[in-house]
Amino acid sequence: MSTTATILDAISADASTGRPIPDAATREIIGYAPEHTVADLDAAIAAAKAAQPAWAALSHEERSTILHAIADDIEANAEELAQILSREQGKPLDGPNARFEVGACAVWTRSAADTVLEPEVVFEDGAARAEIHYDALGVVGAIGPWNWPMMITVWQVAPSLRMGNAVVVKPSEFTPLSVMALMEIFTRHLPDGLLTVISGGRDVGAAMAAHSGLDKIMFTGSTATGRKIVESSAHNLARLTLELGGNDAGIVLPDTDMSGMMEDLFWGCFINTGQTCAALKRLYVHESVYDDVVEGLAAMAAQMPMGPGLAGGNVLGPLQNEKQFQIVSDLVEDAKSRGARVVVGGEPAADLGPLFYRATVVADIDDGARLVDEEQFGPAIPVIKYSDVDDAVRRANASEQGLGASVWSNDPDEAFKVATRLQAGTVWVNGHGGLNPAVPFGGTKASGYGKEFGAHGLKAVASPKVISR
Ligand code: NAD
């Protein structure tokens, strides 16, 4: 028996009661997800409430030590976790994909353990003193998407535990096994009831968002679902961190020699086969270098190996699910029907499997096309020509989304000036999507609110309490 079976066996439901979960590339059934109900959710929240006070009563050092033990255990089981993730989500083992994601889980867990959040003195005049202390909130609900399922769950869970909260996790119905496998490692080190995974569909997510027993919802997913969660929070007043959709713009400034940055530009667009919230989703390139950038990007897209995740050497995989495959396909077809030029790709890679779509670069396209205006969340990048930087900035900012953005130039000062004008939670210079556990991350406008990572992230899962004396 392979070691992969060990964790899968521990988490997989019985075939007669569970929901079959396919390998995203081969469609072979890899396991069965439990179909938890709202009654299971109620029980998990009750258990979390019961376990939380004793956990909060531990010192920060004690909780940090446990988080480091969890990170050690993630590293010890990294290859098994990466294989489960690769099969269920579809991302290859190699490249910035499954092994990379599992590695990031350990890194972000350690960062949550090591980040210090001291009480802050906000007023002192000799006679009076006011301090802010950061207490645990209680029970946090963590609702996640299917694109980076393990890493995003760690972003939600590790800071919550670090601050003394209990957590109930609701993974995406598309990737429950990956999240359950990772959380199985976490629960080995935690008191009973403190952390539970409720594997269910959108109805269970909605019940969780509306639950009166939750003090906070950490949500990562689409803007449409985010809006529903805001509505629910009017009733239970749960605090919210919302990491929602993006339609990140990149701007290549005039006369930029991109030859040394082409690979970074490629991964900015195509990381996780484009299924990344803060990936580059529309690229504005000055007319002086337009043809070079289009050709360079297309050449890179044509040579990147795509195929089933477990087959070594692949760095691009399938779309994770049929709905997403259809969205990408529809947006590219719409671009074609408007006369845009498909430079490379532009069609399914049916020889590889039903959900594969070739890495696609679309040129001679403009704002107003669906591929530019909507979030494609897949391997198809529109490259738009512009002649005036002010106009490019205006078009980049015209989106209702504001997750990330980037500016590409050989002149760092000029790039910085343009970066200050872009409306986004993060603006990168000569890169796109690079994250650091100490640097706050989160969107603006319809991409959500609240920051994750570092001390900002710990504050987001804490209740600030002022003590005045
Ligand atoms: P989704 O909104 O369809 O689903 C996300 C989660 O919400 C799932 O677990 C789902 O079951 C649950 N859910 C569905 N209806 C719900 C409801 N009414 N109340 C509560 N929960 C509910 O999103 P998705 O398709 O899984 O993910 C893709 C989207 O996520 C993209 O738009 C992407 O940009 C975004 N995303 C954002 C970030 C970020 O950090 N900002 C990161 C990753 C993905």
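Small disclaimer: the values here were computed from a predicted structure and weren't measured.

### Regarding the side chain of N321
Here's step 1: Following the sequence through the fold, N321 ends up in the loop between α11 (290-303) and α12 (322-337).
Here's step 2: Classification of N321 as buried rests on a relative accessible area of 5%.
Here's step 3: Within the structure, N321 has its side chain in polar contact with the side chain of Q320 (distance 3.1 Å).
Here's step 4: Apart from residues lying up to four places away in sequence, N321 is in contact with W146, F174 and L355.

### Some details on the site of the ligand
Here's step 1: Around the ligand sit 29 residues in total, of which K170, E173, S222, T225 and E375 are the nearest.
Here's step 2: Within the backbone of G144, one N or O atom sits 2.8 Å away from an oxygen atom of the ligand.
Here's step 3: The separation between a nitrogen atom of the ligand and a polar main-chain atom of L244 is 2.8 Å.
Here's step 4: The fraction of the free accessible surface of the ligand (850 Å²) that becomes covered by protein chains is 93%.
Here's step 5: Broken down by secondary-structure element, the contributors of at least two residues to the shell around the ligand are α8 (202-209), β8 (216-220) and α9 (223-236).

### Here's the deal with the UniProt feature "active site" (unreviewed entry) in the chain
Here's step 1: UniProt's entry tags E243 with the feature "active site" (unreviewed entry), counted in the numbering of this structure.
Here's step 2: Mapping E243 onto the fold places it in strand β9 (residues 239-243).
Here's step 3: Judged by relative accessible area, E243 falls into the buried class, the value being 4%.
Here's step 4: Those residues in contact with E243 that lie beyond four places of it in its chain are F219, T220, G221, L403, F441, G442, G443, S447, G450 and E452.

### Structural notes on a negative patch on the surface
Here's step 1: There is a patch of like negative charges on the surface, built from D257, D291, D292 and E295.
Here's step 2: Mapped onto the secondary structure, D292 falls in helix α11.

### Details of the UniProt feature "domain: Aldehyde dehydrogenase" (unreviewed entry) in the chain
Here's step 1: Mapped onto the present numbering, the UniProt feature "domain: Aldehyde dehydrogenase" (unreviewed entry) falls at residues 21-466.
Here's step 2: Helix and strand shares over residues 21-466 are 41% and 20% respectively, and the end C-alpha atoms of the span are 48 Å apart.

### With respect to the sheet that holds strand β12 (residues 341-344)
Here's step 1: Spatial strand order, β12-β13-β14-β11-β10-β16-β17: seven strands in an open sheet with mixed pairing. Edge strands, defined here as strands with exactly one partner in the open sheet, are β12 and β17 (426-429). On average, each strand axis in the sheet is tilted by 25° relative to the strand beside it, whichever way the strands run.
Here's step 2: Note: strand β13 (residues 360-363) against strand β14 (residues 380-386), three bridges, orientation parallel.

### Quick notes on the sheet that holds strand β7 (residues 195-197)
Here's step 1: One open sheet accounts for six strands, arranged β7-β6-β5-β8-β9-β19; its pairing is mixed. The open sheet has two edge strands, β7 and β19 (448-449), and neither has a second partner.
Here's step 2: Two elements, β8 and β9, share five bridges in a ladder whose sense is parallel. Its bridge partner being in β9, M218 is matched across the sheet by T241.
Here's step 3: Against the sheet, α8 touches β5 (139-143), β6 (166-170) and β8, its axis set at about 150° to β6.
Here's step 4: Relative to β9, α9 is tilted by about 175°, and along the sheet it contacts β5, β8, β9 and β19.

### Describing α9
Here's step 1: With 14 residues, α9 should reach 20 Å at 1.5 Å per residue; the first-to-last C-alpha distance of 20 Å fits that figure.
Here's step 2: Taken together, the buried positions of α9 are occupied by T223, G226, I229, S232, S233 and N236. End-on, the buried residues of α9 take up no more than an arc of 160°, which puts them together on one face. Facing away from the buried surface of α9 by more than 90 degrees, the exposed residues are K228, E231, A234 and H235.
Here's step 3: Elements that come into contact with the buried residues of α9 comprise β5, α8, β8, β9 and β15 (401-402).
Here's step 4: L237 sits one or two positions beyond α9 and adopts a positive phi of about 55°.

### Details of the packing of helix α3 (residues 60-76) against helix α5 (residues 98-114)
Here's step 1: Remark: α3 packs on α5, axes separated minimally by 8 Å, with the N-to-C direction vectors making an angle of 170°. On the basis of the axis angle, α3 is roughly antiparallel to α5. For the pair formed by α3 and α5, the contact residues are S64, L67, H68, I70, A71, D72, I74 and E75 on the first element and V102, C105, A106, T109, R110, A113 and D114 on the second.
Here's step 2: In terms of residue class, the contact of α3 with α5 is made up of eight nonpolar, three polar and four charged.

### Things to note about the pairing of strand β1 (residues 19-22)
Here's step 1: Pairing of β1 with strand β2 (residues 29-33), which is carried by four bridges, proceeds in the antiparallel orientation. Looking at β2, one finds that P20 is bridged to Y32.
Here's step 2: What sits between β1 and β2 in their antiparallel hairpin is a turn of six residues, with R27 showing a positive phi close to 70°.

Conventions adopted
Residues numbered from 1 in each chain as written. Predicted model: local features only at pLDDT ≥ 70, side-chain atom pairs only at ≥ 80, totals over all residues. Heavy atoms only, no water. Helix = DSSP H or I, 4+ residues; strand = E, 2+ residues; numbered from the N terminus. Buried < 20%, exposed > 50% of the residue type's maximum accessible area, 1.4 Å probe, protein only. Polar contact = N/O pair within 3.5 Å; in protein donor to acceptor, adjacent residues only side chain to side chain. Contact = heavy atoms within 4.5 Å. Near = heavy atom within 4 Å. Areas by Shrake-Rupley, 256 points an atom, 1.4 Å probe, with all protein chains shown as cover. UniProt positions renumbered as here; feature names shortened; annotations may be inferred. Patch = residues over 30% accessible without salt bridge, like charges linked within 9 Å, V, L, I, M, F, W, Y side chains within 5 Å. Salt bridge = Lys/Arg side-chain N within 4 Å of Asp/Glu carboxyl O. Lys, Arg positive; Asp, Glu negative; His and termini not counted. Charge placed at Lys NZ, Arg CZ, Asp CG, Glu CD. Pairing = 2+ DSSP bridges. Axes fitted to C-alpha atoms, helices over the stretch in contact; angles between N-to-C directions. Expected span 1.5 Å × (residues − 1). Arc of directions from axis to C-beta. Parallel < 35°, antiparallel > 145°, perpendicular 65-115°, else oblique. Nonpolar A, V, L, I, M, F, W, Y, C, P; charged D, E, K, R; others polar.

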